[in-house]
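Structural characterization, general
One letter stands for each residue in the lines below.
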Amino acid sequence: MSRKKEKACRECHSITTEDECQVCHSNDVSTDYLGYVIVMDPETSIIARKMQIDRAGKYALKVR
Ligand SMILES: [Zn+2]
């Protein structure tokens, strides 16, 4: 079973397995990222507010 490598968008930190970010459609994605958070409800999440995330999903904490 092959699993696609996850990448993080340098623009919005969203994590995707595609070559293009599914959130902001940037192709500036990197496999070199540190940690991630899963945002369920961006409206009540303090982390989401801090990271300026406005939709649910998986986000990298740090993208290199
Ligand atoms: Zn993005």
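Refer to the structure presented above.
In what follows, the accompanying structure is described. (Residues numbered from 1 in each chain as written. Predicted model: local features only at pLDDT ≥ 70, side-chain atom pairs only at ≥ 80, totals over all residues. Heavy atoms only, no water.)

Before going further, it helps to spend a moment on the packing of aromatic side chains. Evaluation of the coordinates by the stated rule reveals zero aromatic pairs. The side chain of K58 reaches across the aromatic face of Y36, ending 4.3 Å from its centre. (Phe/Tyr/Trp six-rings, centres within 6.5 Å; stacked < 30°, edge-to-face > 60°. Lys NZ or Arg CZ within 6 Å of the ring centre and 35° of its normal.)

What follows is about the coordination of the zinc ion. Summarising the metal site, the zinc ion is bound by the protein donors C9 (SG), C12 (SG), C21 (SG) and C24 (SG), whose distances to it range over 2.2 to 2.3 Å. Given four donor atoms and angles of 104 to 118° at the metal, the environment of the zinc ion is assigned as tetrahedral. Mapped onto the sequence, the donors of the zinc ion take the spacing C-x2-C-x8-C-x2-C. Placement of the pair is C9 in strand β1 (residues 7–9) and C24 in the loop between β2 (15–16) and β3 (29–30), with a sequence separation of 15 residues. On the basis of relative accessible area, C9 is assigned to the buried category, the value being 0%. Residue classification places C24 among the partly exposed residues on the basis of a relative accessible area of 35%. (Donors = N, O, S within 2.8 Å, 3.2 Å for Na, K, Ca; no water. Tetrahedral: all angles 85-135°; square planar, octahedral: opposite > 155°, others 65-115°. Helix = DSSP H or I, 4+ residues; strand = E, 2+ residues; numbered from the N terminus. Buried < 20%, exposed > 50% of the residue type's maximum accessible area, 1.4 Å probe, protein only.)

Together, Y36, I38 and M40 make up an exposed nonpolar region whose accessible area comes to about 380 Å². If you trace the backbone, M40 turns up in the loop between β4 (33–39) and α1 (46–50). (Patch = residues over 30% accessible without salt bridge, like charges linked within 9 Å, V, L, I, M, F, W, Y side chains within 5 Å. Areas by Shrake-Rupley, 256 points an atom, 1.4 Å probe, with all protein chains shown as cover. Salt bridge = Lys/Arg side-chain N within 4 Å of Asp/Glu carboxyl O.)

Residue position: L34 is located in strand β4. It is 10 Å that separates the C-alpha atoms of L34 and Y59, two residues lying 25 residues apart in sequence. Non-local contacts of L34, meaning those with residues more than four positions away in its chain, are made with L61, K62 and R64. (Contact = heavy atoms within 4.5 Å.)

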